[in-house]
Amino acid sequence: MKELGSYSQYLELIAVIIGVVKYREFKNYQLKYVFYFLIYVVINEFLKGISYPVFGVPNYALYNVYVLLHFCFFIAWYHSLLESELRKKLLKVFFFFYLVFWSFESFYLDNFTGEDVTLSFTLGVLFLIVAVGFYFMEMLTREVVLHITQSPYFWISFGILVYCVTYLPFYLTLSFINRENPIILNVTLFLINCIQYCCFSIAFIQANRNRMEHKS
C-alpha cells in the first residue's frame, strides 16, 4: 500500500502509448507538447526508480527538477494557448517568479538534494490553477463551448485542475503534519493520478485534426 503511488507510472505509460497511436492527429498542434512532456515524465519515473538502487543517489534531485519543469512547462503552455494579452503577461510574470522562487528554495535553503521543494510545489499548484482558470474563461467565450467535451484541451485542463485542487490539501497536510504515515498520501496520489492520466488519454483519443484548435 505504501508504494501504491508508484504505480502511477503505468498510467503515464498508457497515456503515452495512446499518444503515439494518435500522434498524426495532433502533431501540428499545441497538444503535441503535452505528449512530449509526458514522455519526459515516463523517463523521469524510470530514472527515479533506479537512481538509488543502482547509483546510490537519492531521487530528491530528480523529483525537484520534475517539479520545476512540470509547472514551468504548463504555465508556458497555457501562455501559448491564451488570446488575452493581459492574461499572457500575467502568466509570464508567474513563470519568471516561479523560476526565482524554486531556485531560492532549492539552493539557498539547500533543499535540492535533501528533501522535497514543498513550498515551490504549493506555489506552482496555485499558479497553475490560475492558468487553467484563464483558459476555461476564454474557452467559454468561443464556439468550442458547444462541443467542449470533444476538445482535447478541455480534457487536459480538467485533468490538471482535478489534480491540483484535490491533491494540494493532502500534500500540505501530510508534508507538514504527518510525514511518518504516508499511506493516505500514496493512495490519494494514485487515485488522483488515475483521473488525471485518464483525462490525458481521453485528450489524445479525442484529437482530430479536422476540428483541433491551437496550431503550433
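Small disclaimer: the values here were computed from a predicted structure and weren't measured.

**Student:** Describe the overall build of the chain, and please don't skip the residues or the numbers.
**Tutor:** When helices and strands are counted, the chain shows seven helices and zero strands. Sequence-ordered secondary structure for the chain, helices as α and strands as β, is α-α-α-α-α-α-α. Contacts in the chain between residues at least 24 apart in sequence constitute 75% of all its contacts with a sequence separation of at least 6. Carbon and sulfur atoms form 68% of the exposed surface of the chain, whose accessible area is close to 11,300 Å².

**Student:** How would you explain helix H5 (residues 118-139) if you had to name every residue and give the values?
**Tutor:** With 22 residues, H5 ought to run about 32 Å at 1.5 Å a step, and its terminal C-alpha atoms sit 31 Å apart, in line with that. Within H5, 16 of the 22 residues are buried, which leaves the element mostly enclosed by the surrounding structure.

**Student:** Hey, could you go over the nonpolar core for me, with residue numbers and the actual values?
**Tutor:** Counting 61 residues, the largest nonpolar core has Phe74, Tyr78 and Ile156 as the members making the most contacts within it. Elements that contribute at least two residues to this core include exactly helix H1 (8-26), helix H2 (31-55), helix H3 (60-81), helix H4 (85-108), H5, helix H6 (152-176) and helix H7 (183-206). For this core, the leading source of residues is H3, giving 12 residues. Filtering out sequence-adjacent residues up to four positions away, isoleucine 156 remains in contact with Leu31, Val34, Phe74, Trp77, Tyr78, Phe200 and Ala203.

**Student:** Quick one: what's the story with the packing of aromatic side chains, residue by residue and with numbers?
**Tutor:** Tallying each qualifying case throughout the model produces 31 aromatic pairs. Note on phenylalanine 71 and phenylalanine 121: the rings are 5.7 Å apart at their centroids and 80 degrees apart in plane angle, and the pair reads as edge-to-face. In this pair, phenylalanine 71 sits in helix H3 while phenylalanine 121 sits in helix H5, placing the two residues 50 residues apart along the sequence. Here phenylalanine 71 matches phenylalanine 121 in class, with each residue buried. These aromatic residues form a ring-pair network of at least three members: Phe37, Tyr40, Phe73, Phe74, Trp77, Tyr78, Tyr135 and Tyr153.

**Student:** Tell me about the environment of leucine 99, and please be specific about residues and values.
**Tutor:** The topology assignment puts leucine 99 in helix H4. Between the C-alpha atoms of leucine 99 and serine 120, which are 21 residues apart in sequence, the distance is 9.3 Å.

**Student:** Account for unusual backbone geometry, with residues named and values stated.
**Tutor:** A positive phi is found at histidine 214, a non-glycine position, where the angle reads about 60 degrees. Mapped onto the elements, histidine 214 comes out in the segment after H7.

Calculation rules
Residues numbered from 1 in each chain as written. Predicted model: local features only at pLDDT ≥ 70, side-chain atom pairs only at ≥ 80, totals over all residues. Heavy atoms only, no water. Helix = DSSP H or I, 4+ residues; strand = E, 2+ residues; numbered from the N terminus. Contact = heavy atoms within 4.5 Å. Areas by Shrake-Rupley, 256 points an atom, 1.4 Å probe, with all protein chains shown as cover. Expected span 1.5 Å × (residues − 1). Buried < 20%, exposed > 50% of the residue type's maximum accessible area, 1.4 Å probe, protein only. Core = buried A, V, L, I, M, F, W, Y, C linked by side-chain atoms within 4.5 Å. Phe/Tyr/Trp six-rings, centres within 6.5 Å; stacked < 30°, edge-to-face > 60°.

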